[in-house]
Amino acid sequence: MKQTLFIVGARGAGKTTIGKLLSEALSYQFVDTDESIQSTSKMTIADLVERHGWGHFRTLESQTLKAVSQSERVISTGGGMVLSLENRQYMQQNGVVIYLQASADVLSKRLSLNPENSQRPSLTGKSIIEEMEGILVEREPLYRECASFIVDANLATEDIVSRVRSYILSRKNKLI
């Protein structure tokens, strides 16, 4: 029995990278909600936010979450997906939520190495490390609240995929 897997975590945690590898390991389809929004709107997230505001983007994000999770998939969510109680409850009720946990220091280093400012606008205008620290203060409890399984995003990608895959397979065995 396949289950929808929702991957949550802050920007730079590796949700898309892990999601793609996990979908291959489990023979699932993969969807990235941010990529889906950009494809549908034919705009970058930065352009969407600039033109229509964060509220509009968050509404699109919630609509996209529901639209892409109608069949079993690995779904990489945007870092702010958990800000909505409705989204957190939806993910918990409709699949398994995997939280890729990383420190602000690790996240800021990753984001500095691979900046995607046109795609992922700054939320605060602060430095990357200050922004990530603030985001984690706000969102860490929300990520934890909805997580079925928490995995250290500092591990090697193969180890993360292996741990999540083992967790999913152990859940399936309990359901049989």
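*Asks:* Is there a simple way to explain the pattern of salt bridges in this structure?
*Replies:* One side chain can pair with another of opposite charge once the charged atoms of both are near each other. Tallied over the full model, the rule gives 6 salt bridges. Here Glu 61 and Arg 58 are joined by a salt bridge, their closest N and O atoms 2.9 Å apart. With Glu 61 and Arg 58 both in helix H3 (residues 45–68) and 3 residues apart, the pair spans about one turn of that helix. We note a salt bridge from Lys 66 to Glu 86, for which the minimum N-O separation is 2.2 Å. Taken as a pair, Lys 66 in helix H3 and Glu 86 in helix H4 (residues 85–94) lie far apart in primary sequence, 20 residues in all.

*Asks:* What is the right way to read the environment of Leu 155 from this model?
*Replies:* The residue Leu 155 is located in the loop between strand S5 (149–152) and helix H7 (157–175) in this model. A C-alpha to C-alpha distance of 9.6 Å links Leu 155 and Ala 102, two positions 53 residues apart in sequence. Non-local contacts of Leu 155, meaning those with residues more than four positions away in its chain, are made with Ile 160 and Arg 163.

*Asks:* Even after reading the chapter, I still don't get unusual backbone geometry, so can you show me in this structure?
*Replies:* Excluding glycine, residues mostly have negative phi values, and the peptide bonds linking residues are mostly trans. If you check the backbone angles, Ser 27 has positive phi at about 60 degrees while not being a glycine. Positionally, Ser 27 belongs in the loop between helix H1 (15–26) and strand S2 (29–32). In this structure, Lys 42 is a non-glycine residue whose phi angle is positive, near 60 degrees. Within the element layout of this structure, Lys 42 appears in the loop between helix H2 (33–41) and H3. For Lys 42, a relative accessible area of 72% gives the class exposed.

*Asks:* Where do I start with the packing of aromatic side chains in this structure?
*Replies:* Where two aromatic rings form a pair, the distance of their centres and the angle of their planes describe that pair. Under the counting rule described, the total for this entry stands at 4 aromatic pairs. Ring geometry for Trp 54 and Phe 57: centres 5.7 Å apart, planes at 85 degrees, overall edge-to-face. Taken as a pair, Trp 54 and Phe 57 lie in helix H3 at a separation of 3 residues, close to a single helical turn. Looking at Lys 66, its charged tip hangs above the ring of Tyr 90, at a distance of 5.9 Å from the centre.

*Asks:* Help me understand the sheet that holds strand S1 (residues 5–8) in this model?
*Replies:* Within a sheet, neighbouring strands are paired by backbone hydrogen bonds and run either parallel or antiparallel to one another. Ordered in space as S2-S3-S1-S4-S5, the 5 strands form an open sheet in which the pairing is parallel. Looking at which strands have only one partner, the edges of the open sheet turn out to be S2 and S5. Taken pair by pair, the neighbouring strands of this sheet meet at an average axis angle of 20 degrees, ignoring direction. Both S1 and strand S3 (residues 73–76) contribute to a ladder of 3 bridges, which runs parallel.

*Asks:* Sorry, what's going on with H1 here?
*Replies:* Residues spaced three or four apart along an α-helix face the same direction, because each turn holds 3.6 residues. With 12 residues, H1 ought to run about 16 Å at 1.5 Å a step, and its terminal C-alpha atoms sit 16 Å apart, in line with that. Inspection of H1 places Lys 15, Thr 16, Ile 18, Gly 19, Leu 22, Ser 23 and Leu 26 among the buried residues, and these make up the whole buried set. Across the axial projection of H1, the buried residues extend over an arc of 160 degrees, all falling on one side. One or two steps after H1, the chain reaches Ser 27, where phi turns positive at roughly 60 degrees.

*Asks:* What is the right way to read the packing of H2 against H3 from this model?
*Replies:* A pair of packed helices is captured by two measures, namely the crossing angle of their axes and the spacing between those axes. Interhelical geometry of H2 versus H3 gives an angle of 115 degrees and a closest axis separation of 9 Å. One finds that H2 runs roughly perpendicular with respect to H3. Of the two possible hands of crossing, H2 and H3 adopt the one that is right-handed. Contacts between H2 and H3 pair Thr 33, Asp 34, Ser 36, Ile 37, Gln 38 and Ser 41 from the former with Ile 45, Leu 48, Phe 57, Leu 60, Glu 61, Thr 64 and Val 68 from the latter. Each residue belonging to the contact of H2 with H3 can be placed in one class, and the counts come to 6 nonpolar, 5 polar and 2 charged.

*Asks:* Honestly, the nonpolar core in this entry has me stumped. Any pointers?
*Replies:* The nonpolar side chains of soluble globular proteins are, as a tendency, buried together. Leu 5, Met 91, Ile 98, Leu 100 and Ile 168 are the most contacted members of the largest nonpolar core, which has 41 residues in total. When residues of this core are assigned to their parent elements, the largest contribution, 6 residues, is made by helix H6 (residues 128–146). In this view, Ile 168 contacts Leu 5, Leu 26, Val 96 and Ile 98; residues no more than four positions away in its chain are not counted. One finds Ile 37, Met 43, Leu 48 and Phe 57 within the second-largest nonpolar core, a separate group that totals 7 residues.

About the criteria used
Residues numbered from 1 in each chain as written. Predicted model: local features only at pLDDT ≥ 70, side-chain atom pairs only at ≥ 80, totals over all residues. Heavy atoms only, no water. Salt bridge = Lys/Arg side-chain N within 4 Å of Asp/Glu carboxyl O. Helix = DSSP H or I, 4+ residues; strand = E, 2+ residues; numbered from the N terminus. Contact = heavy atoms within 4.5 Å. Buried < 20%, exposed > 50% of the residue type's maximum accessible area, 1.4 Å probe, protein only. Phe/Tyr/Trp six-rings, centres within 6.5 Å; stacked < 30°, edge-to-face > 60°. Lys NZ or Arg CZ within 6 Å of the ring centre and 35° of its normal. Pairing = 2+ DSSP bridges. Axes fitted to C-alpha atoms, helices over the stretch in contact; angles between N-to-C directions. Expected span 1.5 Å × (residues − 1). Arc of directions from axis to C-beta. Parallel < 35°, antiparallel > 145°, perpendicular 65-115°, else oblique. Left-handed = near helix turned anticlockwise from the far one by under 90°. Nonpolar A, V, L, I, M, F, W, Y, C, P; charged D, E, K, R; others polar. Core = buried A, V, L, I, M, F, W, Y, C linked by side-chain atoms within 4.5 Å.

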